[in-house]
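Architecture at a glance
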Amino acid sequence: LICRGLASSAGRPREDSWIKSLFVRKVDPRKDAHSNLLAKRETSSLYKLQIHNVKPECLEAYNKLCQEVLPKIHEEKHYPCALVGTWNTWYGEQDQAVHLWRYEGGYPALNEVMNKLRQNKEFTEFRKERGNMLLSRKNQLLLEFSFWNEPVPREGPNIYELRSYQLRPGTMIEWGNYWARAIRFRQDNNEAVGGFFSQIGQLYMVHHLWAYKDLQTREDIRNAAWNKPGWDELVYYTVPLIQEMESRIMIPLKISPLQ
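What comes next is a walk through the structure. (Residues numbered from 1 in each chain as written. Predicted model: local features only at pLDDT ≥ 70, side-chain atom pairs only at ≥ 80, totals over all residues. Heavy atoms only, no water.)

With that settled, consider the nonpolar core. Ranked by size, the top nonpolar core spans 53 residues in total, and within it Tyr103, Phe145, Trp148, Trp175, Trp179 and Val206 carry the most contacts. Among the elements that make up this core, the one with the highest residue count is helix α3 (residues 59-75) (seven residues). Counting 16 residues, the second-largest nonpolar core is a separate cluster that includes Ile51, Val193, Phe196 and Leu258. (Core = buried A, V, L, I, M, F, W, Y, C linked by side-chain atoms within 4.5 Å. Buried < 20%, exposed > 50% of the residue type's maximum accessible area, 1.4 Å probe, protein only. Helix = DSSP H or I, 4+ residues; strand = E, 2+ residues; numbered from the N terminus.)

Below, the discussion takes up the layout of surface pockets. Looking at the largest pocket, its volume works out to about 410 Å³. What lines the largest pocket is a set of 23 residues, among which Lys48, Gln50, Met114, Phe123 and Arg127 lie closest to the centre. For the lining of the largest pocket, the secondary structure elements donating two or more residues are β1 (46-54), α3, β3 (96-103), α4 (107-118), α5 (121-131) and β4 (134-144). The element best represented in the lining of the largest pocket is α5, accounting for five residues. Approximately 320 Å³ is the volume attributed to the second largest pocket. Forming the walls of the second largest pocket are 18 residues, and the residues nearest its centre are Arg163, Tyr165, Trp179, Trp231 and Val235. (1 Å grid on protein atoms, 1.4 Å probe; cavity = no way out; pocket = protein on both sides within 12 Å on 5 of 7 lines; lining within 4 Å. Points joined across faces, edges and corners; volume = space filled by probe spheres on them.)

What follows is about the pattern of salt bridges. For the structure shown, the criterion picks out 10 salt bridges. In this structure, lysine 228 engages aspartate 188 in a salt bridge whose closest nitrogen and oxygen atoms are separated by 2.7 Å. Of the two residues, lysine 228 is situated in the loop between α7 (215-225) and α8 (231-238) and aspartate 188 in the loop between α6 (172-182) and β6 (192-200); the sequence distance between them amounts to 40 residues. We classify aspartate 188 as exposed; its relative accessible area is 58%. Salt bridges sharing common partners tie together Arg102, Glu104 and Glu150. (Salt bridge = Lys/Arg side-chain N within 4 Å of Asp/Glu carboxyl O.)

A separate point is the packing of α6 against α8. Contact geometry for α6 and α8: axes closest at 10 Å, N-to-C directions at 165°. The angle between α6 and α8 places the two elements in the roughly antiparallel class. Between α6 and α8 lies a crossing whose hand is left-handed. Facing α6, whose interface residues are Trp175, Tyr178, Trp179, Arg181 and Ala182, α8 presents Trp231, Leu234, Tyr237 and Thr238. A per-class count over the contact of α6 with α8 returns seven nonpolar, one polar and one charged. (Axes fitted to C-alpha atoms, helices over the stretch in contact; angles between N-to-C directions. Parallel < 35°, antiparallel > 145°, perpendicular 65-115°, else oblique. Left-handed = near helix turned anticlockwise from the far one by under 90°. Contact = heavy atoms within 4.5 Å. Nonpolar A, V, L, I, M, F, W, Y, C, P; charged D, E, K, R; others polar.)

Two aromatic rings, taken as a pair, are described by how far apart their centres are and by the angle between their planes. One pass over the structure, following the stated rule, counts 16 aromatic pairs. Plain terms: the ring middles of phenylalanine 145 and phenylalanine 147 are 5.0 Å apart, the flat faces sit at 25° to each other, and that makes the pair stacked. Residues phenylalanine 145 and phenylalanine 147 agree in their burial class; the two are buried. A connected cluster of aromatic rings, assembled from ring pairs, spans Trp148, Tyr165, Trp175, Trp179, Phe185, Trp210, Trp226 and Trp231. Here the basic side chain of arginine 186 rests over the ring of tryptophan 210, its NZ or CZ set 4.0 Å away from the ring centre. (Phe/Tyr/Trp six-rings, centres within 6.5 Å; stacked < 30°, edge-to-face > 60°. Lys NZ or Arg CZ within 6 Å of the ring centre and 35° of its normal.)

Below you can see the structure in the form of structure tokens.
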């Protein structure tokens, strides 16, 4: 009996594994990159998301410095880039600055801007002074989802929410398929600013950027989505794709095109 029990229990994992294999979701083979399947094809814009953790005592000086230097890059015609938005985190990780840049023309434009900035003495001094104010910094290169609005300047005052999702590897296409339908539930109040997915940096990252008049308006709009038939189903299917998620409530700086 003991031997039979051991043999039986030893065989169960294989039997369970075989049974589970019958229910494995079959994925259609793809012969194209995720970026080509999900990104906007009519544009070749590349986005850079910068997140700086600033020394608490330096945040005011950091903001002042950025407001003096960043518009010069944004407005310079010889730099094929544009400042989409710049914020301080209000709720979430504190003493944090978030910048979002667009590079018209993709990677060649990014390289052109970086090469020109290396020759710019004012920017070199800016980076040196800024570095003394930071605890840490990171960036990601992003593409925008084809089904999201392109972020364009807007008048304020608004608060912004950056919702960041770390997806399970291999689920980006599935996420895109669901959100291509889900986004229509979030258009009534013009709150959808932009949606992006990472190409370089932390991979399988998705960022959704939203604008609201205030926190109560945010709460009301999000609650209203649950009253729309189909929203709950899309949430049900997308939640299992997520490994981690984070929400930042952000306040734009005066120089931000997104106010």
